[in-house]
Amino acid sequence: MLTLEQLEREQRAEERAARLLRSCINQEEWAMYEAFGLIRVWARAQGSAPASTGSGPTHGYLIYAHKPLVGFLAGSLALVGEFCVAFGGERLPPSDDVLAKWLALRGDERALIASANVDPIGRQTDPARVRRDLERLAGWEAERPR
Amino acid sequence: MIFLAMKAGHGEVLIAEGDLEDPEQERALIAAFRAQLDLGMWAAVPLEQPGGRRAAELVHRFEDVPRDAERVIFFPRAAGGC
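In every chain, residue numbers begin from 1 and rise along the written sequence. Each chain gets a letter, beginning with A, and each ligand a number, beginning with 1, in the order they are written. With the structure being a predicted model, the display of local features is reserved for residues of pLDDT at least 70 and the display and counting of side-chain atom pairs for 80 or more, all residues being used for whole-chain, interface and lining totals.

Caption draft 1: Layout of the overall build of chain A. Helix and strand assignments follow DSSP, with helices taken as H or I runs no shorter than four residues and strands as E runs no shorter than two, numbered in order from the N terminus. Looking only at helices and strands, chain A has four helices and five strands in total. The order of helices and strands in chain A, counted from the N terminus, is α-α-β-β-β-β-α-β-α. Referenced to the eigenvectors of the C-alpha coordinate spread, the extents of chain A come out at roughly 55 × 35 × 30 Å. A pair of residues counts as a contact when their C-beta atoms, built from backbone coordinates, are separated by no more than 7 Å. Contacts spanning at least 24 positions in sequence make up 54% of the contacts within chain A whose residues lie at least 6 apart.

As structure tokens, then:
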């Protein structure tokens, strides 16, 4: 059990980490993180939504803090797997964990995925919840001003 | 240019700061960069692309850091986890 002092220290660390995350990611990704506690990253197309024609990204990932990355197909939104990665032996503040995943996915998706333990969907995440998150994201995006 | 490192229980820590136009400061940045990689850290440079989109580049050598980069963020190397 954490002491009050430890809790306050972790809270300060998380506030610092959240400021750094916000300074690095796109505005809509920050809004997504604030609204849902996750960030969706499209592969290859650097954050743009999948195109209706064949040139868009083929897949994307949902980034959750201290949970596996969840891969999904861009067109069907079918879930393809859990990619479990850890950054160091000690637990980073949640927003630092999210930022480390975001930086690594954006910077070198292959290296990150090559380092991951790959599990089928449902090992650590609830597939129903992930599908619900994808649906909520789609609805949220449709309502956001462009 | 500043170097930040993620630290468990703390958030980011400023580990180095310098001006690349000053050879002595550049040498210090190079040494700090190598020291972080020797500790098993990955180095990422946050980027702003045309149109304002945010991106990042993982760099393995100091020479690969864009000269106009403002920040390099170091974080522990990814490994299979969960």
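Caption draft 2: Spatial organisation of the sheet that holds strand S1 (residues 2-7) of chain B. A pair of strands is considered paired only if DSSP assigns at least 2 bridges between the two. If you walk across this open sheet you meet the five strands as S2-S1-S5-S3-S4 (chain B), and the pairing is mixed. Here the strands that pair on one side only, and so sit at the sheet edges, are strand S2 (11-17) and strand S4 (54-59) of chain B. Within the sheet, the average angular offset between the axes of one strand and its neighbour, ignoring direction, is 30 degrees. For S1 of chain B and S2 of chain B, the ladder comprises six bridges, and the chain directions are antiparallel. By the bridge assignment, Leu4 of chain B is partnered in S2 of chain B with Leu14 of chain B. Angles here are taken between N-to-C directions and fall from 0 to 180 degrees, while the axes themselves are lines fitted to C-alpha atoms, restricted in helices to the stretch in contact. Against the sheet, helix H1 (residues 4-24) of chain A engages S2, strand S3 (41-48) and S4 of chain B, with an angle of about 65 degrees to S2 of chain B. Strand contacts of helix H3 (residues 94-115) of chain A: S1, S2, S3, S4 and strand S5 (71-76) of chain B, with the helix running at about 70 degrees to S4 of chain B, the strand carrying the most contacts.

Caption draft 3: Seen up close, the environment of Pro57 of chain A. Residues and elements named next belong to chain A. In this fold, Pro57 is placed in the loop between strand S1 (38-42) and strand S2 (59-64). Whether a residue is buried, exposed or partly exposed follows from its count of other C-beta atoms within 10 Å of its own C-beta, namely 20 or more, 12 or fewer, or something in between, respectively; the C-beta atoms are built from the backbone. C-beta crowding within 10 Å serves as the criterion here: with 19 such atoms nearby, Pro57 is assigned to the partly exposed category. When the C-alpha positions of Pro57 and Ser23 are compared, they lie 25 Å apart, and in sequence the two are 34 residues distant.

Caption draft 4: Summary view of the interface of chain B and chain A. Contact residues are listed per partner, giving 23 residues for chain B and 34 residues for chain A. Elements represented by at least two residues in the side of chain B that touches chain A include exactly S2, S3, S4, S5 and strand S6 (78-80) of chain B. For the side of chain B that touches chain A, the element with the highest residue contribution is S4 of chain B, accounting for five residues. Per-class residue counts for the side of chain B that touches chain A are 14 nonpolar, five polar and four charged. Two strands pair when backbone bridges link them, and strand S4 (residues 79-87) of chain A and S6 of chain B are joined in this way by three bridges, in the antiparallel orientation. Residue pairing across strands places Val85 of chain A opposite Gly80 of chain B, the latter belonging to S6 of chain B. The classification used treats Ala, Val, Leu, Ile, Met, Phe, Trp, Tyr, Cys and Pro as nonpolar, Asp, Glu, Lys and Arg as charged, and all other residues, Gly among them, as polar.

Caption draft 5: Broad picture of helix H1 (residues 23-38) of chain B. Under the convention used throughout, the expected extent of a helix is 1.5 Å for every residue step, that is, one less than its residue count. Compared with the 22 Å implied by 1.5 Å per residue over 16 residues, the 22 Å span of H1 of chain B between its first and last C-alpha is a close match. The first or second residue beyond H1 of chain B is Gly40 of chain B, which carries a positive phi of 90 degrees.

None of this, on its own, says anything about what the molecule does.
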